[in-house]
Amino acid sequence: MPSLRVVLAEDSVLLREGLTALLDRFGHRTVAAVGDADALPGAVAEHGPDIVVTDVRMPPGDGDDGLRAALALRAARPGLPVLVLSQYVQRAYAAELLDSGDGSGVGYLLKDRIGQVEEFARAVEEVAAGGTVIDPEVVRQLLRRQRDPLERLTPREREVLGLIATGRSNAAIARELVVTEAAVGKHVGNILAKLDLPPAEDTHRRVLAVLAFLSA
């Protein structure tokens, strides 16, 4: 993966410096690090980063200011990769991110995930490349709340859809489940059919499947 230029928004000085050092460790460069949501748009406009990494809760309002700034940036710059960090599972936040633009190039991770440095770095790189990454804990909570139309899926298909939501490719899912990539492809085809997502040129069916998963 080529070196990424990152704009970072995090109000905790210690975490901001830690994230900067972590990104540097994996060969990426933090071109701007800001401590409040109001400074984020200016930093993005000035530096034109490959990805924005932002906390959900940020000054000045100490509510979901970071998320709102990220969504506004996505609206103004379609396709801008954004990885949002949160202290707690907020299903609505993940759904809003996935619903922004065409749903690609977005990620939602719990801050605890940062401690798993390789997984965090993989998420940054996946989102920057246009992928979609949802924290496994969010996926686990959603799996316990399945409702129709997901009830039509078999346990294995729900497991595959959960892994899709965490940003895994078919090849990565095959390795994790110790099955062939062809078998995963068959499961994905079944999932899309059962969720009534036929092929279409102007939609990303995997993202729509994850949206159905999040809203169930």
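Residues numbered from 1 in each chain as written. Predicted model: local features only at pLDDT ≥ 70, side-chain atom pairs only at ≥ 80, totals over all residues. Heavy atoms only, no water.

Caption draft 1: Quick look at the overall build of the chain. The helix and strand tally for the chain stands at 10 helices and six strands. The buried share among the 216 residues of the chain stands at 48%. Contacts in the chain between residues at least 24 apart in sequence constitute 68% of all its contacts with a sequence separation of at least 6. Surface exposure of the chain reaches about 9,900 Å², of which carbon and sulfur atoms provide 50%. (Helix = DSSP H or I, 4+ residues; strand = E, 2+ residues; numbered from the N terminus. Buried < 20%, exposed > 50% of the residue type's maximum accessible area, 1.4 Å probe, protein only. Contact = heavy atoms within 4.5 Å. Areas by Shrake-Rupley, 256 points an atom, 1.4 Å probe, with all protein chains shown as cover.)

Caption draft 2: Structural detail: the pattern of salt bridges. Under the criterion given, the structure shown has eight salt bridges. Between Asp64 and Arg68 there is a salt bridge; the shortest N-O distance is 3.1 Å. As a salt-bridge pair, Arg113 and Glu119 come within 3.8 Å of each other at their nearest N and O atoms. Judged by its relative accessible area of 11%, Arg113 is buried. (Salt bridge = Lys/Arg side-chain N within 4 Å of Asp/Glu carboxyl O.)

Caption draft 3: Structural context of the environment of Asp38. The residue Asp38 is located in the loop between β2 (29-34) and α2 (40-47) in this model. Between the alpha carbons of Asp38 and Met58 there is a distance of 9.2 Å; along the sequence they are 20 residues apart.

Caption draft 4: Region of interest: the sheet that holds β2. With parallel pairing, six strands are arranged side by side in an open sheet as β2-β1-β3-β4-β5-β6. On the outer flanks of this sheet lie β2 and β6 (132-134), each paired with one strand and no other. Neighbour-to-neighbour, the strand axes of the sheet open up by a mean angle of 20°, direction not taken into account. By the bridge criterion, four bridges tie strand β3 (residues 51-55) to strand β4 (residues 82-86) in an arrangement that is parallel. (Pairing = 2+ DSSP bridges. Axes fitted to C-alpha atoms, helices over the stretch in contact; angles between N-to-C directions.)

Caption draft 5: Main features of the confidence of the model for the chain. Averaged over all residues, the pLDDT of the chain is 86; the fraction at 70 or higher stands at 90%. Mean pLDDT across the elements of the chain bottoms out in helix α6 (residues 136-143) (69) and peaks in strand β1 (residues 5-9) (98). (pLDDT = per-residue confidence, 0-100.)

Caption draft 6: Focus on the UniProt feature "modified residue: 4-aspartylphosphate" (unreviewed entry) in the chain. Within this structure's numbering, the places UniProt gives as "modified residue: 4-aspartylphosphate" (unreviewed entry) are Asp55. In this structure, Asp55 sits in strand β3. Every residue in contact with Asp55, bar those within four places of it in the chain, is listed here: Ala9, Glu10, Asp11, Gly66, Leu67, Leu85, Ser86 and Lys111. (UniProt positions renumbered as here; feature names shortened; annotations may be inferred.)

Caption draft 7: Geometry of the packing of helix α8 (residues 170-177) against helix α9 (residues 181-194). Relative to each other, α8 and α9 sit at 110°, their axes nearing to 8 Å. As the angle between them shows, α8 and α9 are arranged roughly perpendicular. By crossing handedness, the relation of α8 to α9 is classed as right-handed. Along the contact surface, α8 presents Asn170, Ala171, Ile173 and Ala174, while α9 presents Glu181, Val184, Gly185 and Val188. (Parallel < 35°, antiparallel > 145°, perpendicular 65-115°, else oblique. Left-handed = near helix turned anticlockwise from the far one by under 90°.)

Caption draft 8: Fine view of the packing of helix α7 (residues 155-165) against α8. The N-to-C vectors of α7 and α8 enclose an angle of 125°; their axes lie 10 Å apart at closest approach. One way to sum up the angle between α7 and α8 is to call them oblique. Crossing of α7 over α8 shows right-handed handedness. On α8, the residues touching Arg156, Glu159, Val160, Leu163 and Ile164 of α7 are Ile173, Glu176 and Leu177. Class assignment for the residues of the contact of α7 with α8 results in five nonpolar, no polar and three charged. (Nonpolar A, V, L, I, M, F, W, Y, C, P; charged D, E, K, R; others polar.)

Caption draft 9: Inspection of the pairing of β2 at higher detail. Bridge count between β1 and β2: five bridges; the pairing is parallel. Bridge pairing in β2 links Val6 to Thr30. Viewed along the sheet, the connection from β1 through helix α1 (residues 13-25) into β2 turns out right-handed. (Right-handed = clockwise from strand over helix to strand, strands pointing away.)

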